[in-house]
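Notes for the structure review
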Amino acid sequence: MREIYTHPFLRAVAADVASVMCSYNLVNNSWACQNAETQNGILKTDFGFQGYIMSDWQATESGVSAVNSGLDMTMPGDIVFNSGTTYFGSNLTTAVNNGSVEMARVDDMAQRILAGFYLLGQDEGYPDVNFDAFRRDSDVNNSHVDVRADHDV
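In this text the structure is predicted, and so the values were computed from the model without any measurement.

**Some remarks on the pattern of salt bridges**
Counted according to the given criterion, the structure contains five salt bridges. For K44, the salt bridge goes to D72, with nearest N and O atoms at 3.0 Å. Here K44, found in helix 2 (residues 36-46), pairs with D72, found in the loop between helix 3 (64-68) and helix 4 (90-97); they are 28 residues apart in sequence, far enough to count as distant. Between R105 and D108 there is a salt bridge; the shortest N-O distance is 2.8 Å. Of the two residues, R105 and D108 are both situated in helix 5 (residues 103-119); the distance of three residues between them amounts to about one turn of the helix.

Written out as structure tokens, the structure reads:
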């Protein structure tokens with residue numbers, strides 16, 4: 001694994017990326033988004049990754065196992081689009097309350113996500129959210145804003 005597959009991730013960590021996305025596939029018979037060896041072991045410990053790990057859309061296969069294995073954010077939040085059910089949310093609260101997930105782990109998740117927010121300067125001069133693909137009603141601006149102007153600087 002280290003000779004072939006992890007080098008691009010090491011280079012990404014060295015480039016100071018804010019997040020890494022885990023995938024749908026199995027890695028050594030464990031779902032990628034709940035693989036402790038790759039997420040906690042290689043990426044966060046060995047490579048010193050300070051950012052957050054997010055799932056590909058609907059790639060999260062569990063709650064407690066994924067969180068304890070290093071997953072910091074599940075996308076899009078619901079297990080199945082627009083279902084209202086999630087492995088995180090109230091299920092994560094229950095897992096903390098019953099001792100399945102330590103509160104320190106939830107703090108780590110929040111710190112990693114917020115660190116990316118500040119690393120990318122999203123706290124100052126960042127445009128307001130102006131588009132919601134799920135709601136096209138009049139309460140949402142839904143206008144196009146070209147934010148690419150200074151990305152080559």
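**Section: the pairing of strand 1 (residues 19-22)**
Residues V20 and C22 line the buried face of strand 1, whereas the alternating positions S19 and M21 sit on a face that is not buried. Pairing between strand 1 and strand 4 (residues 52-55): four bridges, direction parallel. Across the sheet, the residue bridging to S19 is Y52, located in strand 4.

**Here's the deal with the layout of surface pockets**
Estimates place the volume of the largest pocket at around 350 Å³. Residue assignment for the lining of the largest pocket shows that the elements contributing at least two residues are strand 1 and helix 2. Here the lining of the largest pocket takes four residues from helix 2, the largest share from any one element. Residues that form the lining of the largest pocket fall into these classes: 12 nonpolar, five polar and no charged.

**Looking at the packing of aromatic side chains**
Enumeration according to the criterion identifies two aromatic pairs in this entry. Note on W57 and F81: the rings are 5.7 Å apart at their centroids and 35 degrees apart in plane angle, and the pair reads as tilted. One end of the pair, W57, is in the loop between strand 4 and helix 3; the other, F81, is in the loop between helix 3 and helix 4, with 24 residues separating them in the sequence. Given a relative accessible area of 41%, F81 falls into the partly exposed group. When the centroid spacing of 5.1 Å and the interplanar angle of 90 degrees are considered together, the rings of F117 and Y118 count as edge-to-face. Classification of F117 as partly exposed rests on a relative accessible area of 31%.

Cut-offs used in this document
- Note on numbering: residues in each chain are counted from 1, in written sequence order.
- Totals for whole chains, interfaces and linings use all residues, but because this is a predicted model, local features are given only for residues with pLDDT of at least 70 and pairs of side-chain atoms are given and counted only at 80 or more.
- Values reported for side chains reflect all heavy atoms of the structure, with hydrogen atoms and water molecules removed beforehand.
- The term salt bridge refers to a pairing of a side-chain nitrogen on Lys or Arg with a carboxyl oxygen on Asp or Glu at a separation within 4 Å.
- Each helix corresponds to a stretch of at least 4 residues labelled H or I by DSSP, and each strand to a stretch of at least 2 residues labelled E; elements are numbered beginning at the N terminus.
- For the exposure calls, accessible area comes from a 1.4 Å probe over protein chains only, and a residue counts as buried if that area is under 20% of its type's maximum, exposed if over 50%, partly exposed in between.
- A pair of strands is labelled paired if DSSP reports no fewer than 2 bridges between them.
- Within this scheme a cavity is a closed region of a 1 Å grid, computed over the protein atoms alone, that accommodates a 1.4 Å probe without allowing it to escape, whereas a pocket is open but has protein on both sides within 12 Å along at least five of seven lines; lining residues each have an atom within 4 Å of a point.
- Grid points are joined across faces, edges and corners, and a volume is the space filled by probe spheres set on the points.
- Each residue receives one of three labels: charged for Asp, Glu, Lys and Arg, nonpolar for Ala, Val, Leu, Ile, Met, Phe, Trp, Tyr, Cys and Pro, and polar for the others, Gly being one of them.
- Any Phe, Tyr or Trp ring, taking Trp's six-membered ring, that has another such ring centre within 6.5 Å forms a pair; planes under 30 degrees apart are called stacked, those over 60 apart edge-to-face, and the others tilted.

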